[in-house]
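The chain contents come next:
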Amino acid sequence: MSKQVIVITGASSGFGALTARALAKAGHTVCAGMRATEGRNAPAVADAAEFARENNVDLRSVELDVASDASVVSGIARIIADAGRLDVIIHNAGHMSFGPAEAFTPEQFAELFDINVLSTQRVNRAALPYLRRQGRGLVVWVSSSSSRGGTPPLSLALFRRQGGDGFTCRLLCRRAYPLGHRDLDHRARRLHQGHQPFRPFRLA
């Protein structure tokens, strides 16, 4: 695969940070999106910079709070201005929650849904126009096989994964139609039925 410019949301720690480092070591330009880069996540920014220096890779931290329209628009614009393009979006950001579903208030439920599901739409609205103008691009959702089952204490967390899966398979595939992929909806259904933990869609 040729060198790609990749943005990963929620890359300050966990799977996001690990994925960012692995892709950077594979030779790609990786923009690790995270919030509060000058505050609570300043140590994560420093760790990413140290990793980049020690391994001679192109790993960059970028302020990208997926709960904020302004932050997302600014972050995506900065990536394109600095790197010259954007090839891959990886939707990884999310909050984990534990406990019985009835323990959460509707307001807490709405906040988690906003961060874990609607945030992907913020990123898509900011980034997909660039990918469309390029005529190519790849969008990846990080999901979980547990979204098709799991345990009661994880019910709310798994619901947000199901929400992301549903958005991927039912909406984004139709939005990609103008780019010529008429088989995308069928591919989306097969991915959804197969319970695969990643939901990739190539836009060209």
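Up top is the structure.
This write-up is about the structure you can find in this document. (Residues numbered from 1 in each chain as written. Predicted model: local features only at pLDDT ≥ 70, side-chain atom pairs only at ≥ 80, totals over all residues. Heavy atoms only, no water.)

## Observations regarding the packing of aromatic side chains
Logical step 1: Scanning all chains against the criterion turns up 0 aromatic pairs.
Logical step 2: Above the face of the phenylalanine 51 ring, arginine 21 is positioned so that its terminal group lies 5.3 Å from the ring centre.
Logical step 3: Against the face of tyrosine 130 rests arginine 133, its NZ or CZ located 5.0 Å from the ring centre. (Phe/Tyr/Trp six-rings, centres within 6.5 Å; stacked < 30°, edge-to-face > 60°. Lys NZ or Arg CZ within 6 Å of the ring centre and 35° of its normal.)

## Quick notes on the pattern of salt bridges
Logical step 1: Enumeration according to the criterion identifies 6 salt bridges in this entry.
Logical step 2: With a closest N to O distance of 3.0 Å, arginine 122 and aspartate 69 form a salt bridge. With arginine 122 in helix α4 (residues 106-134) and aspartate 69 in helix α3 (residues 69-83), the pair connects residues that are 53 residues apart, well separated along the chain.
Logical step 3: In this structure arginine 122 comes out as buried when scored by relative accessible area, which is 16%.
Logical step 4: The class for aspartate 69 is exposed, based on a relative accessible area of 51%.
Logical step 5: Salt-bridge contacts for arginine 78 lead to aspartate 82; the nearest nitrogen and oxygen are separated by 3.5 Å. Remark: aspartate 82 and arginine 78 occur in helix α3; sequence separation between them is 4 residues, near one turn of the helix.
Logical step 6: A relative accessible area of 45% means that arginine 78 is categorised as partly exposed.
Logical step 7: Here the residues in one salt-bridge network are Asp69, Asp114 and Arg122, joined through shared partners. (Salt bridge = Lys/Arg side-chain N within 4 Å of Asp/Glu carboxyl O. Helix = DSSP H or I, 4+ residues; strand = E, 2+ residues; numbered from the N terminus. Buried < 20%, exposed > 50% of the residue type's maximum accessible area, 1.4 Å probe, protein only.)

## Topic: the side chain of threonine 37
Logical step 1: The residue threonine 37 is located in the loop between β2 (29-34) and α2 (42-55) in this model.
Logical step 2: For threonine 37, a relative accessible area of 16% puts it in the buried group.
Logical step 3: One polar contact links threonine 37 to glutamate 63, side chain to side chain, over a distance of 2.7 Å.
Logical step 4: Dropping the residues within four chain positions of it, threonine 37 is found in contact with Ala42, Val45, Val62 and Glu63. (Polar contact = N/O pair within 3.5 Å; in protein donor to acceptor, adjacent residues only side chain to side chain. Contact = heavy atoms within 4.5 Å.)

## A short note on the pairing of β2
Logical step 1: In terms of residue burial, β2 counts as a mostly covered element, since 6 of its 6 residues are buried.
Logical step 2: The side-chain alternation of β2 yields two buried faces, one formed by Thr29, Cys31 and Gly33 and the other by Val30, Ala32 and Met34.
Logical step 3: Where the polypeptide runs from strand β1 (residues 5-8) across helix α1 (residues 14-25) and back to β2, its parallel neighbour, the crossover connection is right-handed.
Logical step 4: Relative to strand β3 (residues 59-63), β2 is paired through 5 bridges, and the arrangement is parallel. Across the sheet, residue valine 30 finds its bridge partner in β3, namely leucine 59. (Right-handed = clockwise from strand over helix to strand, strands pointing away. Pairing = 2+ DSSP bridges.)

## Structural notes on the packing of α3 against α4
Logical step 1: Packing of α3 against α4 leaves a shortest axis separation of 8 Å and a crossing angle of 30°. Here α4 runs roughly parallel to α3, going by the angle between their axes. Here the hand of the crossing between α3 and α4 comes out right-handed. Between α3 and α4, the residues in contact are Asp69, Val72, Val73, Ile76, Ala77 and Ile80 and Arg122, Val123, Ala126, Ala127 and Tyr130, respectively.
Logical step 2: In terms of residue class, the contact of α3 with α4 is built from 9 nonpolar, no polar and 2 charged. (Axes fitted to C-alpha atoms, helices over the stretch in contact; angles between N-to-C directions. Parallel < 35°, antiparallel > 145°, perpendicular 65-115°, else oblique. Left-handed = near helix turned anticlockwise from the far one by under 90°. Nonpolar A, V, L, I, M, F, W, Y, C, P; charged D, E, K, R; others polar.)

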